[in-house]
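# Commentary on secondary and tertiary structure
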Amino acid sequence: MFDFTIALQANSKTPLYEQLYQAIADQIRKGNLKYPDLLPSKRALEEMMKVSHSTIETAYSLLSAEGYIESIPRVGYRVNRRIPMPFTVLSMAKPGMDRIRSVSGSKTQEPKEENADRYLSFSTGDVDTSLFPYSSWARIYKEVVYQNPDLLQRGEAVGDLHLRKTLAAFLNQYRGVVCGPQQIIVGSGAEYLLGLLIQLFDEDITIGLEDPGYPAVRRILTNYGRFYLSLDMDQKGLKEEQLYQKKIDLVYVTPSHQFPMGTTMPAERRSRILSWAEKCGGYIIEDDYDSEFRYRSRPLKALQGLDKAGRVIYMGTFSRSLAPSIRVAFMVLPQELMKRYQQKFGKQSCTVSRFEQQVLAEFIDRGLYVRHLRRCTNLYKKKEARLIEDLTAIKGSFVSGQGAGLHFLLHLPSVSREGLIRAAQTYRLQLHFLDEYAEKAQMPYPILVIGFGGLSFEQMSQNAQALTKAVETAQEGQTLRSQ
């Protein structure tokens, strides 16, 4: 039997309930705790560990929600017979254990050990998992599982009505999207939904993509054999005159916080793109990327809410605001495209668990999602400010694309790309250059895409110091070569 004298660190940044949860889950996975072992009662463990009742309650709720333990009436909590694989949302991943790419963009490589070959990185794909609302999410999940056995049955192909109604109301209130639940399709990730969406159009259409832009979109279109053209960007976003010149039929844009440029498309440019769609019968895919986080101003109304002709397809996801492993995305289709969707895909099953759909709907309905977003925004705002302060101390550097989302650009006109890559390898620093996201767009000097969502303040400081040293080393090398 496992000894429950677990040493919790009161001064740690990790909450006590998370430490307790991790310790017990780890012992269950190792087999030190196994079926049919009973866990101490909440009151007994509270006395034993000298922590609050809510700490024990939250930890046990998480373990129960994930399936590590089960509640036995009038007995207590018992280790479950079937032990789940670690759940990436509620289990805090150790930094450095994900697949990493070398600064030159070569093939991925796996770290040999937890601390070996670890690269420092400003990844744009991570979020701060310490912000995840563990307690409320687990509580709702438990309620849903026990109170809704009908969710075990097959649901609607486009997603459960409860979630679609909730999304329609939320999007209208916070993003100005005008739609009914009958226009919403729920699916497991924006990329999955994009793959369905492009199949609603003729194969010979011409698709316009932002350049630089999101590489996954180009990959998806290529996989489906669709022809696309790269469209130039400026500081206001996509240049709309190209839509006429290149006879575009469908255009993909990220107007709220363009990836990776970080620009926000102003109202005048949005109006012009909508005018093109109405005049030419084109369609606009509006990926509302990172729209949840703005630090200096209120977000502009979504393109979809300004559309009077039914030409905008609105897409969103919860992977940035909650966690990457919450694979719930949605798209809002104009009525005409919804008819095509029903004809082509109306009988297939929804790819998101009905339990997860119900939990998310309740989480939004109870006002917990809006509260969570405020919490995230406050922390991310502080992170961005701190990192910009550290990085702009680099001689000759400046930033752009800040004030929204979870990334910005760092401009380094005083060094060469090759020299910076060599120096970065010395300091085991993984860099993402803006030109990696471009097909044709040329960069006059190194511009780095700096993500900060998943970094702690300590990690940001460490990464900033390494980057500062790398830039200084590259600058010194250039000086020596020029002498």
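Our structure's up above, just so we're on the same page.
For clarity, every value in this text was computed on a predicted model and none was experimentally measured.

What counts, and where the lines are drawn
- Residues numbered from 1 in each chain as written.
- Predicted model: local features only at pLDDT ≥ 70, side-chain atom pairs only at ≥ 80, totals over all residues.
- Heavy atoms only, no water.
- Helix = DSSP H or I, 4+ residues; strand = E, 2+ residues; numbered from the N terminus.
- Buried < 20%, exposed > 50% of the residue type's maximum accessible area, 1.4 Å probe, protein only.
- Contact = heavy atoms within 4.5 Å.
- Pairing = 2+ DSSP bridges.
- Salt bridge = Lys/Arg side-chain N within 4 Å of Asp/Glu carboxyl O.
- Axes fitted to C-alpha atoms, helices over the stretch in contact; angles between N-to-C directions.
- Expected span 1.5 Å × (residues − 1).
- Polar contact = N/O pair within 3.5 Å; in protein donor to acceptor, adjacent residues only side chain to side chain.
- Core = buried A, V, L, I, M, F, W, Y, C linked by side-chain atoms within 4.5 Å.
- Phe/Tyr/Trp six-rings, centres within 6.5 Å; stacked < 30°, edge-to-face > 60°.
- Lys NZ or Arg CZ within 6 Å of the ring centre and 35° of its normal.
- Patch = residues over 30% accessible without salt bridge, like charges linked within 9 Å, V, L, I, M, F, W, Y side chains within 5 Å.
- Areas by Shrake-Rupley, 256 points an atom, 1.4 Å probe, with all protein chains shown as cover.
- Lys, Arg positive; Asp, Glu negative; His and termini not counted.
- Charge placed at Lys NZ, Arg CZ, Asp CG, Glu CD.
- Left-handed = near helix turned anticlockwise from the far one by under 90°.
- Nonpolar A, V, L, I, M, F, W, Y, C, P; charged D, E, K, R; others polar.

## Things to note about the overall build of the protein
Within the protein one finds 15 helices and 15 strands. Relative to its full complement of 483 residues, the protein shows a buried share of 53%. Excluding contacts between residues fewer than 6 apart, the proportion of contacts in the protein whose partners are at least 24 apart in sequence is 72%.

## As for the pairing of strand 10 (residues 312-317)
When you tally the buried positions in strand 10, you get five out of six residues, the bulk of the element. Sheet topology note: the strand 9 (residues 283-287)/strand 10 ladder contains four bridges and is parallel. Directly across from I285, in strand 10, lies its bridge partner I313. Examined bridge by bridge, strand 10 and strand 11 (residues 329-332) share four bridges and lie antiparallel to one another.

## Some words on the pattern of salt bridges
As enumerated under the stated definition, the model contains 18 salt bridges in all. Across the salt bridge formed by E156 and R164, the nearest N and O atoms sit 3.0 Å from each other. Residues R269 and E240 are paired through a salt bridge, measuring 3.1 Å at the closest nitrogen-oxygen approach. In this pair, R269 sits in helix 9 (residues 267-280) while E240 sits in the loop between strand 7 (237-238) and helix 8 (241-245), placing the two residues 29 residues apart along the sequence. For R269, a relative accessible area of 7% corresponds to the buried category. One continuous salt-bridge network, built from bridges that share partners, spans D234, E240, E268, R269 and R272.

## Here's the deal with the sheet that holds strand 13 (residues 407-411)
The sheet built from three strands is open, its strands ordered 12-13-15 with antiparallel pairing. At either end of the open sheet lies a strand with only one pairing partner, and these are strand 12 (398-400) and strand 15 (447-451). Adjacent strand axes in the sheet meet at a mean angle of 35°, parallel and antiparallel pairs treated alike. Alignment of strand 12 against strand 13, held across three bridges, turns out to be antiparallel. By the bridge assignment, F398 is partnered in strand 13 with H411. Taken strand by strand, helix 13 (residues 368-391) contacts strand 12, strand 13 and strand 15, and its axis lies near 10° from that of strand 13.

## Some remarks on the sheet that holds strand 6 (residues 227-234)
Spatial strand order, 4-11-10-9-8-5-6-7: eight strands in an open sheet with mixed pairing. A strand with exactly one partner marks an edge of an open sheet, and here the two such strands are strand 4 (184-187) and strand 7. Alignment of strand 4 against strand 11, held across four bridges, turns out to be antiparallel. Bridge pairing links V186 to F330 in strand 11. With respect to the sheet, helix 9 is in contact with strand 6, strand 7, strand 8 (250-253), strand 9 and strand 10, its orientation differing from that of strand 9 by roughly 145°.

## Focus: helix 12 (residues 354-365)
Relative to the 16 Å expected for 12 residues at 1.5 Å per residue, helix 12 spans 16 Å between its end C-alpha atoms, a close match to the ideal helical length. The buried count for helix 12 comes to 11 of 12 residues, which makes it a mostly enclosed element. Residues of helix 12 that are buried in the fold lie against helix 4 (134-147), helix 5 (161-175), strand 4 and helix 13. In this structure S353 caps helix 12, since a side-chain oxygen of it lies 3.1 Å from the backbone nitrogen of F355.

## Concerning the nonpolar core
Formed by 95 residues in total, the largest nonpolar core has its most connected members in F318 and L467. If you tally residues by element for this core, the top one is helix 13, at nine residues. Setting aside residues up to four positions removed in sequence, F318 forms contacts with L167, A323, I326, V328, F330, L360, I364 and Y369. If you look at the next biggest cluster of nonpolar residues, it comprises 29 residues, including I207, V217, L221 and Y283.

## Quick word on the packing of aromatic side chains
Each pair of aromatic rings is reported with the distance of its centres and the angle of its planes. One pass over the structure, following the stated rule, counts 18 aromatic pairs. The rings of Y17, F132, Y134, W137, F170, Y174, Y314, F318, F330, F363 and Y369 are connected pair by pair, giving a single aromatic cluster. For R311, the ring lying beneath its charged end belongs to Y283, and the centroid distance is 4.0 Å.

## With respect to a negative patch on the surface
Residues D202, E203, D204 and D249 make up a contiguous surface patch of negative charge. Turning to its location among the elements, D204 is positioned in the loop between helix 6 (190-197) and strand 5 (206-211). On the basis of relative accessible area, D204 is assigned to the exposed category, the value being 66%.

## A closer look at the environment of H432
Summarising the element assignment, H432 is placed in the loop between strand 14 (429-430) and strand 15. For the pair H432 and I450, spaced 18 residues apart in the sequence, the C-alpha separation amounts to 7.5 Å.

## Concerning the environment of P36
Residue placement: P36 occurs in the loop between helix 1 (16-30) and helix 2 (42-49). Since its relative accessible area comes to 47%, P36 is described here as partly exposed. Sequence spacing of P36 and R78 is 42 residues, and the spatial spacing of their C-alpha atoms is 6.1 Å.

## Comments concerning the packing of helix 6 against helix 7 (residues 215-223)
Between helix 6 and helix 7, the least distance of the axes is 10 Å, while the angle of their chain directions is 35°. Our pair here, helix 6 against helix 7, has a crossing hand that is right-handed. Of the residues in helix 7, those in contact with E191, L194 and G195 of helix 6 are A216, V217, R219 and I220. Here the residues of the contact of helix 6 with helix 7 sort into four nonpolar, one polar and two charged.

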